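Coordinate analysis (summary)
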Amino acid sequence: MNYPVWDVPVIGSGWVIGIIAIYHTLISQFAVGGGLYLVLVEQKALREGRADWFPRLKQHSKFFLIVTGVFGAVSGVGIWFAIGLANPESTSTLIHNFVFGWAMEWVFFIVELTAAAVYYYTWDRIPRKLHVQVGWLYAIASFCTLVIINGILTFMLTPGDAWIEVAGTGNESSRFWEAFFNPTYFPSLFLRILICISLAGVWALVSYSRIDEHTDKETKAELITWSSKWLIPAFVLMPFFFVWYLFSIPEVNRGLLQLGISTIGSGAFTQVTRISLVMVMTTATIVGVVYFFARKSPQDFSFSHGVAVLMLAFLANASAEYVREMMRKPYSIARHMYSNGIRQASVAKINQDGYLTKSHWTRPATGSETSPDVVLAKGEAMFRGQCLACHTATGYRAINKYLKGREYASIKMLVTTLHEYAEDSPYRKYMPQLAGKEDEIAALVDYLDYSVNKEKSRIAQLMPTHKQEVVELK
Amino acid sequence: MSKLMSSLYGWVDERLGLEELVKFAKKKTVPQHQHSFWYYWGGISLFFFIVQSLTGLLLLVYYRPGPDAYESVRQITYEIQFGWLIRSAHAWSANLMVAAVFIHMFSVYFMKAYRYPREFGWWTGMVLLVLCLLFGFSGYLLPMDELSYFATKVGLEIPAALPAVGPWIANLFRGGLEVSEQTVQRFFALHVVLLPMLFIPFLFIHLWLVQKHGNATIPSEMEKPEYLRRSIPFFPNFLMKDLALWLIALNVMSLLASIFPWEIGEPADALKPAPTGIHPEWYYMSAFQMLKVLGNVFPGALGEGLGITIFTLGLILWFFIPLYDGKHENGVKARNATYFGLLALFILIATTAWGYMVL
């Protein structure tokens, strides 16, 4: 427990990352697909001599520059803040491992941001051909950022055997390329390329919906129709790449989804499966909605239609990112680091030496080792360190809700199961092993019991102050 | 293939006169302006009603009213394949339908679409609203779990507060002095036979009136000269947009049904104390809260009588608004009607929020 814990009430720290990341990917993937879109549409306009398109394209590139350069860039920095606070151990591991990768990515970022600005400000100021070349520079630089970040993101789910061999030795970066081109690298890259292409189309629809259909009816209809075609590759190819992706992830992770699918009928299926269904459903809805709104009467395509499509894309994107994150359970870096920042390999040592031994974050409490206040302080530190990464007290995945109705003995049994982490324990699929010495585990049980059962808890009976207060009140 | 299709179409057209329908639909236009969005809510309500009918029919296959009610809903939720989905879709689309109907009503009101010659559209709409609320009320009890039992008990306090006939109406609904298996049986009959029997004819009249008179143009558009007013053909343009919104509505409903499936609580037990914070469904919250507040201010029969009187008076005014503001003039009456609508909307939202805050 080297770092303090970031306690975000109600939603939990994970959702802070989630909210920023979902918002960010909706824009950053547009930044990648949109680059290609801009050069291709400009080339088409040049080839076909469509002078009437240029003012619209200029407007669209301004929209593009602001959305990606401001909202995309700011939220990207936001992710760094959030992951650093919510999961410092994993962030630290990623930085140590991929510092070279990120250095490359930032070079491309600078090229990308500069090229986007140059592209917009040089409309009608430099020869068209040169302008297209600036567009290509942007498109390639932004594509390279995807190529790099994809390696790091996929690494977290499938770090690969080569990297796992050296994990925790301090020599991890020697397997940089193996970790980077990990088993899910390519299927994920192709999936993301498809998403980027379709988001380029979706955002273009939003942008062109502002064209006045009365003064520019033809142009609007043509641009809307052309942009809607950008959704076709994703619609046709996505299922194939998705299956490829699924068969590249370890069976145990895939099992989580399969188990879910086989139990849909009885309604007992997992949240991951529910959300992945939402993803499939919403993606299909986008195609239908674009067909009815954009293809059938492109000149009537209004801003609210554009926003509706964008919101659907947001939903599909959010569910895809959620499923990807959830499939990694119980790890933040698969087979190496649990979601609460504990290294899998360190659990035995922690069980022996204690989890709170090096912790500076335990609430100060006075009294003997067994006094209720000290026990509760210890239990609270255990809770904050090992549970708070995924649970909250009363909000999202609330401990108080999950343990409601359980008494001390029942809570103890659950906590012991998590601590022992038997081979056949059903919790292994979702939750990390609980690490700590016996007294720490016992303190956690008491803390949870007290949070849920208050005065009726075992520890409350031992509190002298509690009894005294009752007498005084009377 | 297309040749085959067109000859098939020709064969059917010859016998049913489809071409006339298409011609009619193509001639029909829908006004296009910055508030056109509100035209779609009637269609969305209709869509949810269709979902209600289909899922309701499927639930009917397994649901058993009477003493078995709870057990049958438990089986639907946990044992029968995809039963949870059908039940969740039914419950969610019911709530979404009520919400859509309210939005539709207020948008019609503020667009002044109740004016001549659309008065009957407004009145049939009001009947449909009442029937829709009764659908919700009667359906809510059917699972007969703890929450639905006590919420129905509390909900029946609203009609019971009516002077003179109140207790009689409440007893008629309950089939006795208490909510019991008898009540489930009655609510079931109401929910699947009586209400649909009334609802469907009114719905057809309502839809026929919409077809007959078309969508109303809003007053600010009416002021514009003819050549500046814009419209789109009903077929295919408006219909395509309608279908797109239906798809979105389906998506929202499926999303809610799969992520937040409708749970079933403990079986109802009249001997148990009511759980804390019991309240009727959200669309009754406003009426419930108003009665509660007036009951506190004027205790006893006076408060109840006063509450019901104000309520009834408001409803009558609301119902007869086309007679008061029926002409296409933007005078004092038109303004008063708008203020009255805003006041009603404010009271509805404020008392609902208030009701939830004091739970």
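Residues numbered from 1 in each chain as written. Chains lettered and ligands numbered in written order. Predicted model: local features only at pLDDT ≥ 70, side-chain atom pairs only at ≥ 80, totals over all residues.

**Observations concerning the overall build of chain B**
Note the following rule: A run of DSSP states H or I qualifies as a helix once it reaches four residues; a run of E qualifies as a strand once it reaches two. Both are numbered from the N-terminal end. The size measure is the radius of gyration over C-alpha atoms, and the globule rule it meets is 2.2 Å times the number of residues to the 0.38 power. Residues with at least 20 neighbouring C-beta atoms inside 10 Å of their own are called buried, those with 12 or fewer are called exposed, and the rest are partly exposed, where every C-beta is derived from the backbone. Contact criterion: two residues are in contact if their C-beta atoms, reconstructed from the backbone, are within 7 Å.
For chain B, the count of helices and strands is 16 helices and two strands. By the compact-globule yardstick of 21 Å for 359 residues, chain B fits well, its C-alpha radius of gyration being 23 Å. The principal-axis extents of the C-alpha atoms in chain B amount to approximately 65 × 60 × 35 Å. Across the 359 residues in chain B, those meeting the buried criterion constitute 33%. Counting contacts in chain B only where the partners sit at least 6 residues apart, residues at least 24 apart contribute 77% of the total.

**A look at the overall build of chain A**
Scanning chain A from terminus to terminus reveals 19 helices and two strands. Principal-axis analysis of the C-alpha atoms gives chain A an extent of 85 × 50 × 45 Å. When the 474 residues of chain A are sorted by exposure, 43% land in the buried category.

**Regarding the nonpolar core**
Worth spelling out the cut-off: Defined on buried residues, the nonpolar core groups Ala, Val, Leu, Ile, Met, Phe, Trp, Tyr and Cys residues joined through C-beta atoms within 7 Å. For every domain, the bounds stem from an assignment made automatically or drawn from a database.
Grouped together as the largest cluster of nonpolar side chains are 168 residues, with contacts concentrated most on A:Ala200, A:Leu205, A:Val289, A:Val309, A:Leu444, B:Phe48 and B:Met97. Sort the elements by how many residues they give to this core and helix 5 (residues 83–110) of chain B lands first, with 15 residues. The residues that make up this core include at least three from each of domain 1 (13–338) and domain 2 (345–473) of chain A. Beyond its immediate stretch of four places on either side in the chain, A:Ala200 contacts A:Phe30, A:Gly33, A:Gly34, A:Leu36, A:Tyr37 and A:Trp230. Among the nonpolar cores identified, the runner-up in size contains eleven residues, and B:Leu156, B:Ala287, B:Met290 and B:Ile308 belong to it.

**As for the domain arrangement of chain A**
Residues and elements named next belong to chain A. For clarity, the threshold we go by: Residue polarity is assigned by list, with Asp, Glu, Lys and Arg as charged and Ala, Val, Leu, Ile, Met, Phe, Trp, Tyr, Cys and Pro as nonpolar; anything else, Gly included, falls into the polar class.
Annotation of chain A at the domain level lists domain 1 (13–338) and domain 2 (345–473). The distance between the C-alpha centroids of domain 1 and domain 2 comes to 40 Å. Opposite the eight residues of domain 1 that make contact, domain 2 presents eight residues. Partitioning the side of domain 1 that touches domain 2 into residue classes produces four nonpolar, three polar and one charged.

**Describing helix 4 (residues 69–78) of chain B**
Residues and elements named next belong to chain B. Basically, it comes down to this: This arc is taken over the directions from the axis of the helix to the C-beta atoms.
Turning to helix 4, its buried residues are Ala69, Tyr70, Ser72, Val73, Ile76 and Thr77. Down the axis of helix 4, the buried side of the element spans an arc of 165 degrees, and every buried residue falls inside it. In this structure, the buried side of helix 4 is in contact with helix 3 (41–62), helix 5 and helix 10 (181–213).

**Points about the interface of chain B and chain A**
Residue-level contacts link 21 residues of chain B with 19 residues of chain A. At the level of elements, helix 4 and helix 12 (234–259) of chain B are the ones that each hand at least two residues to the side of chain B that touches chain A. Among the elements that take part in the side of chain B that touches chain A, helix 12 of chain B stands out by supplying 13 residues, more than any other. Partitioning the side of chain B that touches chain A into residue classes produces 14 nonpolar, six polar and one charged.

**Side note on unusual backbone geometry**
In this model, A:Lys329 is joined to A:Pro330 through a cis peptide bond whose omega is 0 degrees. If you trace the backbone, A:Pro330 turns up in the loop between helix 12 (303–326) and strand 1 (331–333). A cis amide bond, omega 5 degrees, links B:Phe235 with the succeeding residue B:Pro236. Positionally, B:Pro236 belongs in helix 12. Residue A:Tyr421 is not a glycine yet carries a positive backbone phi of 55 degrees. Within the secondary structure layout, A:Tyr421 lies in the loop between helix 16 (408–420) and helix 17 (438–453). With 15 C-beta atoms counted inside 10 Å, the residue A:Tyr421 sits in the partly exposed group. Of note in the backbone geometry, A:Lys454 takes a positive phi value of approximately 45 degrees without being a glycine.

**A closer look at the confidence of the model for chain B**
Worth spelling out the cut-off: Scored from 0 to 100, pLDDT records how confident the predictor is in each individual residue.
Per-residue confidence for chain B gives a mean pLDDT of 89, with 100% of residues at or over 70. As a predicted assembly, this complex carries a pTM of 0.84 together with an ipTM value of 0.77.

**Details of the packing of helix 1 (residues 13–47) of chain A against helix 4 (residues 128–157) of chain A**
Residues and elements named next belong to chain A. Rules: The angle between two axes is taken between their N-to-C directions and runs from 0 to 180 degrees, where each axis is a line fitted to C-alpha atoms and a helix contributes only its stretch in contact. An angle below 35 degrees is treated as roughly parallel, one above 145 as roughly antiparallel, one from 65 to 115 as roughly perpendicular, and anything else as oblique. The crossing is said to be left-handed when, going from far helix to near helix, the turn is anticlockwise and less than a right angle, and right-handed when the turn is clockwise.
Two elements in contact, helix 1 and helix 4, have axes separated by 8 Å at closest approach and are oriented at 160 degrees. Between helix 1 and helix 4, the interaxial angle falls into the category roughly antiparallel. Note that helix 1 runs across helix 4; the crossing there is left-handed. Every residue of helix 4 that contacts helix 1 at Ala31, Val32, Gly35, Leu36, Leu38, Val39, Glu42, Gln43 and Leu46 is listed here: Arg128, Val132, Gly135, Trp136, Tyr138, Ala139, Ser142, Phe143 and Leu146. Looking at the contact of helix 1 with helix 4 residue by residue, the class counts come to twelve nonpolar, four polar and two charged.

**A short note on the environment of A:Asn453**
All names here are of chain A. Along the chain, the position of Asn453 falls in helix 17. Under the C-beta neighbour-count criterion, Asn453 is labelled partly exposed, with 19 such atoms within 10 Å. For the pair Asn453 and Lys429, spaced 24 residues apart in sequence, the C-alpha separation works out to 28 Å.

**Concerning the packing of helix 8 (residues 217–228) of chain A against helix 11 (residues 271–295) of chain A**
Residues and elements named next belong to chain A. Remark: helix 8 packs on helix 11, axes separated minimally by 10 Å, with the N-to-C direction vectors making an angle of 165 degrees. The angle between the axes of helix 8 and helix 11 places the two elements in the roughly antiparallel class. Read as a crossing pair, helix 8 and helix 11 show a hand that is left-handed. In contact with Ile224, Thr225 and Ser228 of helix 8, helix 11 contributes Val290, Ala294 and Arg295. Within the contact of helix 8 with helix 11, the residues separate by chemical class into three nonpolar, two polar and one charged.

**Points about the environment of B:Ala189**
The residue B:Ala189 is located in helix 10 in this model. Sequence separation of B:Ala189 and B:Ser138 is 51 residues, and the distance between their C-alpha atoms is 9.2 Å.

**Considering the environment of A:Ile140**
Positionally, A:Ile140 belongs in helix 4. Spatially, the C-alpha atom of A:Ile140 lies 23 Å from that of A:Met238, the residues being 98 residues apart in sequence.

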